[in-house]
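# Summary of the model geometry
Residues per chain, in single letters:
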Amino acid sequence: LQQWQGRQIPAYVCAGLEQLQQVTLQDGIIQQIAHNLGISEKTFIQAFRKYIGVTPGKLHHLFILQRLLLHLVNNPKQSLTESGYALDFFDQAHFI
């Protein structure tokens, strides 16, 4: 991951990427990760966009969608509501 399309990626972007993959959807997560890394949220978002190509928020949503799809494949008899709760969604409005 240190090299993405021939670019040297700063360590804090890699660390932020790893943290994004591990957390659930929650308000303020990007700000929290930036704080954990010792940088501002704006710096984190700008660097992430520059080196990864999307904002950390968009990528975080894609990770959550990926987890949901994997969960649905592994639990085909489970309802969408049950799957949403299993992945820490509060209600259907957050799930959709």
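Residues numbered from 1 in each chain as written. Predicted model: local features only at pLDDT ≥ 70, side-chain atom pairs only at ≥ 80, totals over all residues. Heavy atoms only, no water.

## Notes on the overall build of the protein chain
For clarity, the cut-off: Where helices and strands are cited, they refer to DSSP runs of H or I of at least four residues and of E of at least two residues respectively, numbered from the N terminus. Accessibility here uses a 1.4 Å probe with only protein chains present; expressed as a share of the type maximum, an area under 20% marks a residue as buried, one over 50% as exposed, and anything in between as partly exposed. In what follows, residue pairs with any heavy atoms lying within 4.5 Å of each other are defined as contacts. Using a 1.4 Å probe, the Shrake-Rupley method yields the accessible areas, and only the shown protein chains count as cover for residues.
A count of helices and strands for the protein chain gives six helices and two strands. Mapped from its N terminus to its C terminus, the protein chain presents α and β elements in the order β-β-α-α-α-α-α-α. Looking at the protein chain as a whole, 29% of its 96 residues qualify as buried. Partitioning the intrachain contacts of the protein chain with sequence separation of at least 6 by distance along the chain shows that 47% fall at a separation of at least 24. With an accessible surface of roughly 6500 Å², the protein chain has 54% of that area assigned to carbon and sulfur atoms.

## Here we look at the nonpolar core
Using the following cut-off: Side-chain atoms within 4.5 Å link the members of a nonpolar core, which is a set of buried Ala, Val, Leu, Ile, Met, Phe, Trp, Tyr and Cys residues.
I9, V13, L20, F44, F48, I52 and L59 are the most contacted members of the largest nonpolar core, which has 17 residues in total. When contributions to this core are tallied by element, the ones reaching two or more residues are α1 (11-22), α2 (29-37), α3 (41-52) and α4 (56-74). If one sorts the elements of this core by residue count, α3 sits on top with five residues. Beyond its immediate stretch of four places on either side in the chain, V13 contacts A47, F48, Y51 and I52.

## Here we look at the side chain of H60
With respect to the secondary-structure elements, H60 resides in helix α4. In contact with H60, not counting residues within four places along its chain, are L20, V23, T24, L25 and I29.

## Some points on the confidence of the model for the protein chain
The condition that has to hold: Values of pLDDT, the confidence the predictor places in each residue, fall between 0 and 100.
For the protein chain, per-residue confidence averages 84 on the pLDDT scale, and residues scoring 70 or more make up 85% of the total. Element-level pLDDT for the protein chain is lowest in strand β1 (residues 3-4), with a mean of 53, against a maximum mean of 95 in α2.

## With respect to a nonpolar patch on the surface
Applied cut-off: Candidates for patches are residues over 30% relative accessible area with no salt bridge; among them, like charges are joined within 9 Å and nonpolar side chains (Val, Leu, Ile, Met, Phe, Trp, Tyr) within 5 Å. The term salt bridge refers to a side-chain nitrogen of Lys or Arg lying within 4 Å of a carboxyl oxygen of Asp or Glu.
Together, L62, L65 and L69 make up a nonpolar patch on the protein surface, roughly 270 Å² of accessible area in all. With respect to the secondary-structure elements, L62 resides in helix α4. Judged by its relative accessible area of 48%, L62 falls in the partly exposed class.

## Side note on the packing of aromatic side chains
Put simply, the rule is: A pair of Phe, Tyr and Trp rings is counted when the ring centres sit within 6.5 Å of each other, with Trp represented by its six-membered ring. The angle between the planes then sorts it: under 30 degrees is stacked, over 60 is edge-to-face, the rest tilted.
Taken as a whole and assessed by the stated rule, the structure comprises one aromatic pair. Ring centres 5.4 Å apart and planes at 65 degrees place the aromatic pair F44 and F48 in the edge-to-face group. One end of the pair is F44 and the other is F48, both in helix α3 and four residues apart, which spans about a single turn. Comparing F44 with F48, the two get one shared label, buried.

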